[in-house]
Amino acid sequence: MMRFANDGPVLTRREVEVVRLVADGYSAKEAALNLRIAPCTVERHIENVRLKTRARNRAQMIAHVVSGGLI
């Protein structure tokens, strides 16, 4: 598990992997192929991280994890 620098939400290793790929511009399908998981699983991880960071959308989610020092 990983934490934000300010002791914010805890993300799993897989959530971090998915968010890094999304931040690099991968689609859910591309990330799924890269990680060898189903695209719906990638979408679920993205939604979990979005909820944990209380972000309104993916762009804000990425901003939160970058500013938190996660990626």
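You'll find the structure just up there.
What you see is a predicted model; the values in this text were computed from it and never measured. (Residues numbered from 1 in each chain as written. Predicted model: local features only at pLDDT ≥ 70, side-chain atom pairs only at ≥ 80, totals over all residues. Heavy atoms only, no water.)

1. With respect to the packing of helix α3 (residues 39–52) against helix α4 (residues 58–67)
The N-to-C vectors of α3 and α4 enclose an angle of 65°; their axes lie 10 Å apart at closest approach. Between α3 and α4, the angle is such that the two are roughly perpendicular. In this structure, the crossing between α3 and α4 has a hand that is left-handed. Where α3 abuts α4, its residues E43, I46, V49 and R50 lie against R58, M61 and V65. Residues of the contact of α3 with α4, tallied by class, amount to 4 nonpolar, no polar and 3 charged. (Axes fitted to C-alpha atoms, helices over the stretch in contact; angles between N-to-C directions. Helix = DSSP H or I, 4+ residues; strand = E, 2+ residues; numbered from the N terminus. Parallel < 35°, antiparallel > 145°, perpendicular 65-115°, else oblique. Left-handed = near helix turned anticlockwise from the far one by under 90°. Contact = heavy atoms within 4.5 Å. Nonpolar A, V, L, I, M, F, W, Y, C, P; charged D, E, K, R; others polar.)

2. Re helix α2 (residues 28–35)
Every buried residue of α2 is accounted for by A28, A31, A32 and L35. Down the axis of α2, the buried set is contained in an arc of 100°. They therefore lie on one face. Exposed residues pointing more than 90 degrees away from the buried face of α2 are listed as K29 and L33. Where the residues of α2 are buried, they touch α1 (13–23) and α3. In the segment just after α2, R36 is the residue with positive phi, at about 60°. (Buried < 20%, exposed > 50% of the residue type's maximum accessible area, 1.4 Å probe, protein only. Arc of directions from axis to C-beta.)

3. Notes on the packing of α1 against α4
Following both chains from N to C, one finds α1 and α4 inclined at 115°, their axes separated by 11 Å at the closest point. When the interaxial angle is binned, α1 and α4 end up roughly perpendicular. Helix-helix and strand crossings are classified by hand; for α1 and α4 the assignment is left-handed. Residues V19, V22 and A23 of α1 pack against M61, I62 and V65 of α4.

4. Here we look at the environment of P9
Structurally, P9 is set in the loop between β1 (2–3) and β2 (10–11). Classification of P9 as partly exposed rests on a relative accessible area of 25%. Once the C-alpha coordinates of P9 and R54 are considered, the two residues, 45 residues apart in sequence, prove to be 9.5 Å apart.

5. Quick notes on the nonpolar core
By size, the foremost hydrophobic cluster in this structure holds 18 residues, and its most contacted members are V42 and M61. Elements with a contribution of two residues or more to this core: α1, α2, α3 and α4. Here this core takes 5 residues from α1, the largest share from any one element. (Core = buried A, V, L, I, M, F, W, Y, C linked by side-chain atoms within 4.5 Å.)

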